[in-house]
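Here's the letter readout for the chains.
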Amino acid sequence: MGLFNRKQNNPANSPDQAALVAARHAALADIALNNISDGVVITNAENKIQLVNPAAITMLGHDPAGVINLDANVVFRFETPQGIAIEDSNSQFLLSLRNSRYFTTRDYVLINAQGQKHPIALSVTPAMNAHGEKIITFRDISKELESEGEQSEFISTASHEMRTPVASIEGYLGLALNPNCATIDDRAKKYLEEAHASSKHLGKLFQDLLDVTQLDDKKLKVHLVPIEVSALIREIADGQVPMMSEKGLKFTYGSTSNMGDSAGGHVLDQEIYAAVDIDFLREVMNNLIENAIKYTPNGGGIWVNVRGDGDRVLINVTDTGIGISPDDLKHIFQKFYRADNSQTRTIGGTGLGLYLVKERVEAMGGKVWAESSFGEGSTFYVSFPRLTWEEYERRRNAVTNNMMPQPGQAVTPSQPIMSTPDDAAAPAPAPVQAPVPAAQPIVSEPALPTPPMSTPTT
Ligand code: ADP
């Protein structure tokens, strides 16, 4: 009885009052939709547009009535920031509409009904109900990109300017430490060694910052040339052997055949061809091997392996170092991310190396990922589309012909074949055969089929 009375007395519980509250909520939702500067479009389960707010109408350039009941994928047309149309076959937007999956990006440029182009931040959110509506929100980010561009221009100029004096400090400290150039006592030597190490670290930080801003601004162009990769990787790895020896690390280089024997596979010298940017690949490999050295305690082992596996080239850099925890493994390719634990705290770094590795590998049309068992070691994998020998020859001849002067043409230095990463879009790698796993690894992003953890062979 008391409850009944309370219900009766609560104004919101009378049907009239509830209707008033609902109407008020609807009016407030209208105020929000009509006044925000973000475009909002709501579709039904079939992805037909049911509602558009004024900001969306302005950005889409359509008349409001004209878009109702049109397919959202017809109204929204996109291209990449590089001006390449995003077709249905590779549209994450369409995929998220079809599969009712959340999707967000800052890498789409909206082409409106008048053909005007606006870089946008876009998201598709499935409604949390049984009807299957989707909410598309988007806003123009031209100004944000402009100010980010100015910021990165500043970082790039500052890093460039600071790198020069730091290089000279590093050079002079090196001279001071060279017994052929200077005489110093043991205490001064210790201080200068510290200063030398710090100046090297600072120089690397500036270089990494410069590379990051240039890569982010797409100022670094990728030049894919057909090469035999295994010799190049070996040469790069050999260059790091003195650093490995300083720490007493055992180094193994090889290619494992797919017909592994009970000992874990034969070591073969395979010729493996791919189209890569040699400078990029050098940076990538140096970075991965330097990390393996840095994060592996004295006396451990490092194994670098190149494998031609079907239609792809698979490189691994494996170490018996400190390993990476599952939580950290998810983030290590992010800009400035460093695992923070008692062991990494004493090891210097910028957290930019793996970000640069990922950017460079992807710019070449490849993929990079990592596996690790915390406390036991890590394996970093890089994979690229592989060229058959015939394709390699064909591309090499094209390069050579490109260098041949045409009749009546002056001889000028020629450029290597330039190719966009899209030319070489990498297929998702299939699991590879490798030596027997030491422990069940955890795979970092991007998630790929899990090859077994490879332990260094000697
Ligand atoms: P850093 O300059 O810190 O080495 P990176 O981007 O190269 O930056 O690496 C990011 C983080 O990933 C490192 O701080 C470290 O915690 C972890 N990491 C990278 N390589 C290895 C490795 N071979 N073994 C263990 N941890 C690694």
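Structure: see above.
A few points on the structure. (Residues numbered from 1 in each chain as written. Predicted model: local features only at pLDDT ≥ 70, side-chain atom pairs only at ≥ 80, totals over all residues. Heavy atoms only, no water.)

### Regarding the sheet that holds strand β4 (residues 103-111)
Part 1 of the argument: Here 6 strands make up an open sheet; going across it, the order is β2-β1-β6-β5-β4-β3 and the pairing antiparallel. Two strands close off the open sheet at either side, each with one partner strand: β2 (49-52) and β3 (77-79). Between one strand axis and the next, the sheet turns through 40 degrees on average, direction left out of account.
Part 2 of the argument: Relative to strand β6 (residues 134-140), strand β1 (residues 39-43) is paired through 5 bridges, and the arrangement is antiparallel. Note on β6: the bridge partner recorded for Val40 is Thr137.
Part 3 of the argument: Its contacts with the sheet place helix α7 (residues 142-177) against β4, β5 (117-126) and β6, and it is angled at close to 105 degrees to β4. (Pairing = 2+ DSSP bridges. Helix = DSSP H or I, 4+ residues; strand = E, 2+ residues; numbered from the N terminus. Axes fitted to C-alpha atoms, helices over the stretch in contact; angles between N-to-C directions. Contact = heavy atoms within 4.5 Å.)

### Regarding the side chain of Arg360
Part 1 of the argument: Mapped onto the secondary structure, Arg360 falls in helix α13 (residues 353-363).
Part 2 of the argument: According to the relative accessible area criterion, Arg360 is buried, its value standing at 4%. (Buried < 20%, exposed > 50% of the residue type's maximum accessible area, 1.4 Å probe, protein only.)

### Some thoughts on the layout of surface pockets
Part 1 of the argument: Taken as a whole, the second largest pocket encloses approximately 1200 Å³ of empty space.
Part 2 of the argument: As for the second largest pocket, its lining consists of 40 residues, of which Glu290, Asn291, Lys294, Ile347 and Gly348 are closest to the centre.
Part 3 of the argument: Secondary structure elements with two or more residues in the lining of the second largest pocket: α7, α8 (186-216), α10 (241-246), α11 (278-294), α13 and β14 (377-385).
Part 4 of the argument: Taken together, the residues of the lining of the second largest pocket break down into 16 nonpolar, 13 polar and 11 charged. (1 Å grid on protein atoms, 1.4 Å probe; cavity = no way out; pocket = protein on both sides within 12 Å on 5 of 7 lines; lining within 4 Å. Points joined across faces, edges and corners; volume = space filled by probe spheres on them. Nonpolar A, V, L, I, M, F, W, Y, C, P; charged D, E, K, R; others polar.)

### As for unusual backbone geometry
The phi torsion of most residues other than glycine is negative, and most of the peptide bonds are trans.
Part 1 of the argument: Of note, Ser100 is a non-glycine position whose phi angle comes to about 50 degrees, a positive value.
Part 2 of the argument: Here Ser100 lies in the loop between α6 (92-99) and β4.
Part 3 of the argument: We classify Ser100 as partly exposed; its relative accessible area is 36%.
Part 4 of the argument: One non-glycine residue with positive phi stands out, namely Phe336, at about 70 degrees.
Part 5 of the argument: With respect to the helices and strands, Phe336 occurs in the loop between α12 (326-329) and α13.

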